[in-house]
Amino acid sequence: MAKQHDKQFKLDAVQYYLDHKELGVRGCAQNLGVGYSTLTKWLKDFRESGDIPVRGSGNYASDEQKEIAHLKRELRNAQDALDVLKKAISILGK
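Because the structure is predicted, anything quoted here is derived from the model rather than measured.

1. Observations regarding the packing of helix H1 (residues 7–19) against helix H2 (residues 24–32)
Argument step 1. Contact pair H1 / H2: the axes reach a minimum separation of 10 Å and the direction vectors enclose 135 degrees. In terms of their interaxial angle, H1 and H2 are classed as oblique. H1 and H2 meet at a crossing whose hand is right-handed. Each of Phe9, Ala13, Tyr16 and Tyr17 in H1 lies in contact with H2, whose residues at this interface are Gly24, Val25, Cys28, Asn31 and Leu32.

This is the structure in structure tokens:
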């Protein structure tokens, strides 16, 4: 699984490249410990929109939406654990 970097790291990486263009994209990517294509994509995203979108890191409209998503995840995990316990009880009860 690929390592996920937070938005601040990505923005810092873009700034690092802008400050060290003499190294080239490949050199900067190597210094930062990221792939060449990864840094290239971040640079492209930044040039197009002035920002870098971050997937799966909680791009919620509000803190309330973030909390709702967190609680739904917790509920789903608790329901899964309960289902496992019910199955175990039925197996052990036989």
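Continuing now.
2. As for the nonpolar core
Argument step 1. Judged by nonpolar contacts, Ala13, Val14, Tyr17, Val25, Cys28, Ala29, Val34, Leu39, Trp42, Leu43 and Ile52 together constitute the single largest core of 11 residues.
Argument step 2. Ala29 has contacts with Val34, Gly35, Tyr36 and Leu39, leaving out every residue within four places of it along the chain.

3. Looking at the pattern of salt bridges
Argument step 1. Taken as a whole and judged by the stated rule, the model has three salt bridges.
Argument step 2. Put simply, Lys41 and Asp45 hold a salt bridge, and the shortest N to O gap is 2.9 Å. One end of the pair, Lys41, and the other, Asp45, are both in helix H3 (residues 36–49), four residues apart, so they sit about a helical turn from each other.
Argument step 3. Residue class for Lys41 comes out partly exposed when judged on its relative accessible area of 46%.
Argument step 4. For Asp45, a relative accessible area of 11% puts it in the buried group.
Argument step 5. Between Lys44 and Glu48 there is a salt bridge; the shortest N-O distance is 3.3 Å. Note that Lys44 and Glu48 are positioned in helix H3 at a spacing of four residues, about one turn of the helix.
Argument step 6. Residue classification places Lys44 among the partly exposed residues on the basis of a relative accessible area of 45%.
Argument step 7. Look at Glu48 and you get exposed, because its relative accessible area is 57%.

About the criteria used
- Residues numbered from 1 in each chain as written.
- Predicted model: local features only at pLDDT ≥ 70, side-chain atom pairs only at ≥ 80, totals over all residues.
- Heavy atoms only, no water.
- Axes fitted to C-alpha atoms, helices over the stretch in contact; angles between N-to-C directions.
- Helix = DSSP H or I, 4+ residues; strand = E, 2+ residues; numbered from the N terminus.
- Parallel < 35°, antiparallel > 145°, perpendicular 65-115°, else oblique.
- Left-handed = near helix turned anticlockwise from the far one by under 90°.
- Contact = heavy atoms within 4.5 Å.
- Core = buried A, V, L, I, M, F, W, Y, C linked by side-chain atoms within 4.5 Å.
- Buried < 20%, exposed > 50% of the residue type's maximum accessible area, 1.4 Å probe, protein only.
- Salt bridge = Lys/Arg side-chain N within 4 Å of Asp/Glu carboxyl O.

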